[in-house]
Amino acid sequence: MGKTIQEFQCKGRQMRLGITLFFCLLTSVFMTLEAAASVDFVNQWPAKPTIISDGAAGTVTGKFTPGLGTNRLMLVAVATEYSAAQAPTFTVTYGGQALTGTIVSNTTGNNKIWLGYFNETAIFNGAAGNKTLSITGYTTTNLTALYATVAVFNGVDQITPITGFNSLGTIANALTIGPVAYTMTGNAGLAGNTGMSVYVANWNNNVGQTTASGGYTENRDYLGANFSLSANYKVTTGASSESITSTTTTTQIAALAAVGLNPALRLYQIGATSCGDCHGNPPLDGTRNNPAGAVVGTHERHTAGTDVQYAYACTSCHYNNTLVKHSDGFKNITGSSLPGNAYTAVGGKKVANSNAPVLGTCTSTYCHSTGRTNRQYNPPTWGGAATNCLSCHAGRASATGIQANSSLGFKLSTTHSQHLKYTYDKISCNMCHSKTAKDAATLKTYSGVIKHADGNKTVTFNDINYGSYTSYKTSAPYQGYCTNVACHGGRTRSPWQNQGALNNTNTCTHCHGQPQISNILPSNTDRRMYAPGWIYAGNTGTSTDQVTADNDLRVGAHFAHLSSMYMKQIKCNECHQVPSNPFDASNNHMIGPRYSSQSITFAQASTATKNGLTGFTSYTSGTGNKAATCSTTYCHGSKLVQGDTAGTYRKPSWNQNNLIARAPSTAACGTCHGIPPNSVPGYHTGATLATCTSCHSNVVDASGNITNKLLHINGINNYAMSCNQCHDYDTTGGGTTWGKTNYGGTTLMEGRGAHAKHIEYLKAKNPTLPLVAGSDTWLSPSFMAICGTCHSTNEAVDHTPGNTAGTRNINFNNSIARQFGVSIPLYNGQYNQSSSAFPKSCSNTDCHYRTSPIWSNF
């Protein structure tokens, strides 16, 4: 019995040994599968940061979708720029998940970088939520801008993901920042594992590209509105001592932060579920696996890699990239955006894997079309040279070039051509397609690669003060209209046209005024035709939004001004600064809100600013509900020459009905000045509209009609009275009629003085120009030859009844003809002062040689 038991025990030991050996063998088999594990990109740093805030908001958010993978780590870099020293603090979450860990919390200087990360669990839960990256509660004092960018890595140890880090900031401007030194430890180098060293540099202002540190690959260099952000990486093996620098082209303040990512020890092939498990996502272009993970072709250009054009997901071209479908030996090119056998390589939609594949072309795809239904019949070859705008559709030959057809002769639509006939600095692609184009040759970063070639005509205005576009998806009759757009003042006169003749009408009437009609206005030289409300040959000129009514806020009194019964013909520049072209910003054309034309400045006016009103505010801006008002313009009665203030409506509203009636009347004429004016006491007492002609017969008739528009509202009080209507003019009455009745009818009138002696002397010298008291007027030949010898004949105010200028300007007609000696003739009198109190005399005149006798009182 004992022997039997002993033998059994022996055999049991042998059995246990066999089982042990079996498990040892099995373990050794599985250990061979635990091969090299590497940190790799699932999502590389994007072409544009996930969050951009060029301001001082307290909370910013952005959507981010991580790719599939195992043992992932989401690295978040938050870069800030402050105008003064500041220590920012903030909270970062992803899909409501709290941050797993902070790596670098701050750097010295105004430019700063923060690094933090989310582990696999936080990524999974955050992606299952709302996929929103949120940064809240950060310091906004002195903040200029904040950018946040995200990359996701595959195969990172979840317990100890970080194996070293460091950061540095500069206070003064420099060309180089660094070195930033740290040592990576951990699993890198164990059983062939490779880790990754990553650094991010934040340079003040978008001064130019940076140069990567030695051994590092620059994955992204984003030039923002306020600073540039550079992301770089390097694969590491074993313990690695890193010393990192970043260099730029112009001295600036900068910040730099670096971190080492620790690879996970795992079964490499088991669990490989995403593109990033084997190669980068998006993959790099190159020969196969040179550089590591590279794929032959044009992946980067399509996936918003370093050569940004589009932002396509893998599934746009490949069937179901969430499964490792190409491990069967074929690349299946039948993605969601490709119709049928769109790819023309040998083998069609299933292309065999090869280190030297036969590259094909894409046909019948919208993304290589003209942008309309037309297709370009010369599709690009996969892996071929980069294309430009003219490769697919027409546009400009370059960012600053002229209009051009595509490389295959495709032409722009008629309305595109209508707009692009102007130079690039007037209209370019980005003016209407601001979400898509940066200029006529470059897609806009981030939004451009999404909006371009997406099957939609995306019209979003930029550099236009107001307006919207009614797309072709809108029901008729307003398909394709630019609505309420500043450059048209409202909707266009017709919808967007693909075919038709170019509109080559006069520049101004193309948008407003009287449209040019060849049989009526072949040259359209009448500038009045440019104004809304003008009526010519039965055709009514419109405002830019097609309105003609004179009670409209924008049409208003244009017609009344251009066809005035009361003054000379008014030109546009009497009120507006007339542009040299539609885009002339120096003349405020197309600037400012609707109904409030910023071009109304009176800067070029010759009438509205008379009598010293230049520089005064002459215009009260209107709104959508209130018409503009002329507030201090000479032509509506402000600051008239004689100071009249009796006008009843000197600040008219632009769209006032019957602002000034076409037929003159006391009410119409009295809006600007009184009937009679109150500025010349005594002379206008009892005057009526019918009696104006007694003094102003050269301007107005007995019915109040203006007979000479050049002499009305011209800054001068024009009159045509005979001289003896106000004062004695000749001495023919033997001295008995000197002095008019209204002055007392006496020869002892103050101021008579030596007039008679001078008049008789001057008449004898000019016998062919006798004074005729009842018919001579101011500036008549007789007046000029006799009275004008001493009195001024150049300034109307010096010979106006009621003059308050302080002088009867005796300046010898601005002439030195009577000069005696080296000094000019001089009158020593003082207006309104009797010679008995202030003696009057002339000096330096040849008629008295030196100083004349004192002028008599009477």
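Numbering of residues begins from 1 in every chain and follows the order in which that chain's sequence is written. Per-residue local features are limited, in this predicted model, to residues with pLDDT of at least 70; the limit for side-chain atom pairs, both in listing and counting, is 80 or more; totals at the level of whole chains, interfaces and linings are taken over all residues. Side-chain metrics rest on all non-hydrogen atoms present in the structure, leaving aside hydrogens and water.

**Q** When you look at the overall build of the protein chain in this model, what are you seeing that I'm missing?
**A** Counting its regular elements, the protein chain contains 12 helices and 29 strands. Out of the 858 residues belonging to the protein chain, those deemed buried represent 42%. Every residue pair with non-hydrogen atoms within 4.5 Å of one another is taken to be in contact. Sequence separation of at least 24 residues holds for 59% of the intrachain contacts in the protein chain that already meet a minimum separation of 6. Accessible surface is estimated by sampling points in the Shrake-Rupley manner with a 1.4 Å probe; for residues, cover comes only from the protein chains shown. In the form shown here, the protein chain has an accessible surface area of approximately 41900 Å², with 56% of it arising from carbon and sulfur atoms. Secondary structure elements are defined from DSSP: runs of H or I of at least 4 residues count as helices, runs of E of at least 2 residues count as strands, and each element is numbered from the N terminus. With a 1.4 Å probe rolled over the protein chains alone, any residue whose accessible area is under 20% of its type maximum counts as buried; one over 50% counts as exposed, and the rest are partly exposed.

**Q** Before we go on, may I ask you to explain the sheet that holds strand 15 (residues 227-237) in this structure?
**A** In any sheet, the strands associate via hydrogen bonds between backbone groups, in a parallel or an antiparallel arrangement. Read across the open sheet, the five strands follow the order 11-17-13-15-14; overall the sheet is antiparallel. Edge positions in the sheet fall to strand 11 (162-169) and strand 14 (217-223), since each has one partner strand and no second. The average undirected angle you get between the axes of adjacent strands in this sheet is 10 degrees. For strand 11 and strand 17 (residues 254-261), the ladder comprises six bridges, and the chain directions are antiparallel. Within strand 17, the residue paired with Asn166 across the bridge is Ala258. A pair of strands is considered paired only if DSSP assigns at least 2 bridges between the two. Angles shown run from 0 to 180 degrees and are taken between the N-to-C directions of axes, each axis being a line fitted to C-alpha atoms and, for helices, limited to the stretch in contact.

**Q** For this particular structure, what's the right way to read the nonpolar core?
**A** The nonpolar side chains of soluble globular proteins are, as a tendency, buried together. As used here, the term nonpolar core means buried Ala, Val, Leu, Ile, Met, Phe, Trp, Tyr and Cys residues forming a set that is joined through side-chain atoms within 4.5 Å. Counting 32 residues, the largest nonpolar core has Trp45, Phe153 and Val198 as the members making the most contacts within it. Every element with two or more residues in this core is listed here: strand 4 (73-82), strand 7 (101-104), strand 8 (111-118), strand 10 (143-154), strand 13 (194-204), strand 15 and strand 17. In this view, Val198 contacts Trp45, Leu75, Phe153, Tyr182, Asn232, Tyr233, Ala257, Ala258, Val259 and Leu261; residues no more than four positions away in its chain are not counted.

**Q** When you look at empty space enclosed by the protein in this model, what are you seeing that I'm missing?
**A** Gaps between atoms show up when a probe of the same size as a water molecule is rolled over them. For cavity detection a 1 Å grid was placed over the protein atoms alone, and a set of points counts as a cavity when a 1.4 Å probe fits there but cannot get out; an open set counts as a pocket when protein lies on both sides within 12 Å along at least five of seven lines, with lining residues being those that have an atom within 4 Å of a point. Grid points are joined across faces, edges and corners, and a volume is the space filled by probe spheres set on the points. Tallied over the full model, the rule gives six cavities of 30 Å³ or more. Lining the largest cavity are 14 residues, with Arg301, His302, His368, Pro380 and Thr381 sitting closest to its centre. In the scheme used here, Gly and all other residues not listed as nonpolar or charged are polar, with Ala, Val, Leu, Ile, Met, Phe, Trp, Tyr, Cys and Pro taken as nonpolar and Asp, Glu, Lys and Arg as charged. For the lining of the largest cavity, the residue count by class is five nonpolar, eight polar and one charged. In terms of lining residues, the second largest cavity is bounded by His302, Tyr312, Ser316, Cys317, Ser337, Leu338, Cys362, Cys367, His368 and Trp382. By residue class, the composition of the lining of the second largest cavity is six nonpolar, four polar and no charged.

**Q** How should the environment of Thr614 be read in this particular structure?
**A** Along the polypeptide, Thr614 turns up in the loop between helix 8 (558-562) and strand 26 (619-620). Classification of Thr614 as exposed rests on a relative accessible area of 60%. Along the sequence, Thr614 and Tyr634 sit 20 residues apart, while their C-alpha atoms lie 9.8 Å from each other.

**Q** Looking at this structure, I do not really get the packing of aromatic side chains. What am I missing?
**A** The relation between two aromatic rings is expressed through the spacing of the ring centres and the mutual angle of the planes. For Phe, Tyr and Trp, where Trp contributes only its six-membered ring, two rings pair if their centres lie within 6.5 Å, and the inter-plane angle classes them as stacked under 30 degrees, edge-to-face over 60, or tilted in between. Evaluation of the coordinates by the stated rule reveals 10 aromatic pairs. Ring centres of Tyr147 and Tyr222 lie 5.8 Å apart, and the angle between their planes is 70 degrees; this geometry places the pair in the edge-to-face category. Note that Tyr147 is positioned in strand 10 and Tyr222 in strand 14, a separation of 75 residues in sequence. For Tyr147, a relative accessible area of 0% translates into the label buried. With a relative accessible area of 9%, Tyr222 lands in the buried category. Centroid distance Tyr422 to Phe583: 4.8 Å. Interplanar angle 75 degrees. Geometry classified as edge-to-face.

**Q** Whenever I open this one, the sheet that holds strand 6 (residues 97-98) confuses me. Can you help?
**A** The four strands are arranged 3-9-5-6 in an open sheet whose pairing can be described as antiparallel. Here the strands that pair on one side only, and so sit at the sheet edges, are strand 3 (59-63) and strand 6. Bridge analysis of strand 3 against strand 9 (residues 132-136) gives five bridges, and the strand direction is antiparallel. Bridge pairing links Thr59 to Thr136 in strand 9.

**Q** How should the pairing of strand 15 be read in this particular structure?
**A** Regular strands place side chains that alternate from one sheet face to the opposite one. Among the 11 residues that make up strand 15, eight are buried, leaving the element largely enclosed by the rest of the structure. Pairing geometry for strand 13 and strand 15, over 11 bridges, is antiparallel. Paired with Asn204 across the bridge in strand 15 is Phe227. Summarising the sheet, strand 14 and strand 15 pair through six bridges and their orientation is antiparallel. Residue pairing for strand 15: Thr217 is matched across the bridge by Tyr233.

**Q** Would you explain the confidence of the model for the protein chain in this entry?
**A** Predicted coordinates in regions of low pLDDT should not be interpreted in detail. The pLDDT value expresses, per residue, how confident the predictor is, ranging between 0 and 100. Residues at a pLDDT of 70 or more form 83% of the protein chain, whose mean pLDDT is 80. Mean pLDDT values over the elements of the protein chain span from 35, in helix 1 (residues 2-33), up to 96, in strand 6. Across residues 1-36, where pLDDT falls below 50, the model places 12 contacts with residues more than four positions away in sequence or in other chains. Confidence drops under pLDDT 50 across residues 739-745; counting only partners more than four residues distant or on other chains, this segment forms 14 contacts.

**Q** Teacher, can you tell me more about helix 2 (residues 120-128) here?
**A** What sets the pattern is the α-helix's 3.6 residues per turn: residues three or four places apart point alike. Of all the positions in helix 2, only Glu120, Ala122, Ile123 and Gly126 are classed as buried. Buried residues of helix 2, seen end-on, are gathered within an arc of 165 degrees and therefore sit on one face of the element. Opposite its buried face, helix 2 presents the exposed residues Thr121, Phe124 and Ala128, each directed more than 90 degrees away. Residues of helix 2 that are buried make contact with strand 4, strand 5 (91-94), strand 6 and strand 8. This arc is built from the directions going out from the helix axis to the C-beta atoms.

**Q** Honestly, the state of the cysteines in this entry has me stumped. Any pointers?
**A** Each disulfide consists of a covalent bond between the sulfur atoms of two cysteine residues. Cysteine sulfur atoms that come within 2.5 Å of each other are treated as a disulfide pair. All chains considered together, the criterion is met by zero disulfides. There is no disulfide at Cys389, and the cysteine sulfur nearest it, in Cys429, is 6.6 Å away. Given a relative accessible area of 27%, Cys389 falls into the partly exposed group. In this structure Cys572 is a free cysteine whose sulfur lies 7.0 Å from that of Cys508, the closest cysteine sulfur available.

**Q** Just to check I follow, could you spell out the pairing of strand 7 for this structure?
**A** For strand 7 and strand 8, the ladder comprises three bridges, and the chain directions are antiparallel. By the bridge assignment, Val104 is partnered in strand 8 with Leu115.

**Q** Explain the side chain of Ser782 here, please?
**A** Take Ser782: it is sitting in helix 12 (residues 781-785). Accessibility expressed as a relative area gives 6% for Ser782, which makes it buried. In this view, Ser782 contacts Tyr729, Leu769, Pro770, Leu771, Asp776 and Cys787; residues no more than four positions away in its chain are not counted.

**Q** Would you take a moment to explain helix 11 (residues 755-765) for this structure?
**A** Within helix 11, burial applies to Ile759, Leu762 and Lys763. Considered in projection along helix 11, the buried side chains sweep an arc of 105 degrees and stay on one side of the axis. Residues of helix 11 that are exposed and point more than 90 degrees away from the buried face comprise Lys757 and Ala764.

**Q** Would you mind going over the environment of Thr140 with me for this structure?
**A** Here Thr140 is to be found in the loop between strand 9 and strand 10. Separated by 83 residues in the primary sequence, Thr140 and Ala57 have C-alpha atoms spaced 6.8 Å apart. Every residue in contact with Thr140, bar those within four places of it in the chain, is listed here: Ala56, Ala57 and Gly58.

**Q** Help me out: how do you make sense of the pattern of salt bridges in this one?
**A** Once their charged atoms are close, side chains differing in charge can pair, the charge on each being opposite to the other. Between Lys or Arg on one side and Asp or Glu on the other, a salt bridge is scored when a side-chain nitrogen of the former is within 4 Å of a carboxyl oxygen of the latter. The final tally for this structure, using the stated rule, is five salt bridges. Here Glu120 makes a salt bridge to Arg72, at a shortest N to O gap of 2.7 Å. Within this pair, whereas Glu120 is found in helix 2, its partner Arg72 is found in the loop between strand 3 and strand 4, the two being separated by 48 residues in sequence. With respect to burial, Glu120 and Arg72 carry one shared label: buried. Lys763 serves as the salt-bridge partner of Glu760, at 3.9 Å between the closest nitrogen and oxygen. Taken together, the positions of Glu760 and Lys763, both in helix 11 and three residues apart, correspond to about one turn of that helix. The partly exposed category is assigned to Glu760, whose relative accessible area is 37%. The exposure class assigned to Lys763 is buried, which follows from its relative accessible area of 18%.

**Q** I tried to follow unusual backbone geometry on my own but got confused; where do I start?
**A** Backbone geometry follows two general trends: most residues other than glycine have a negative phi, and most peptide bonds adopt the trans configuration. For the peptide bond that leads from Gly178 to Pro179, omega is 0 degrees, which places it in the cis range. Following the sequence through the fold, Pro179 ends up in strand 12 (residues 174-184). Of note in this structure, Lys639 is not a glycine but carries a positive phi near 55 degrees. Secondary-structure assignment places Lys639 in the loop between strand 27 (629-630) and helix 9 (666-669). For Lys639, a relative accessible area of 45% gives the class partly exposed. At Phe812, a residue that is not glycine, the phi angle is positive and equals roughly 60 degrees. With respect to the helices and strands, Phe812 occurs in the loop between helix 12 and strand 28 (826-827). Its relative accessible area of 7% is what places Phe812 among the buried residues.

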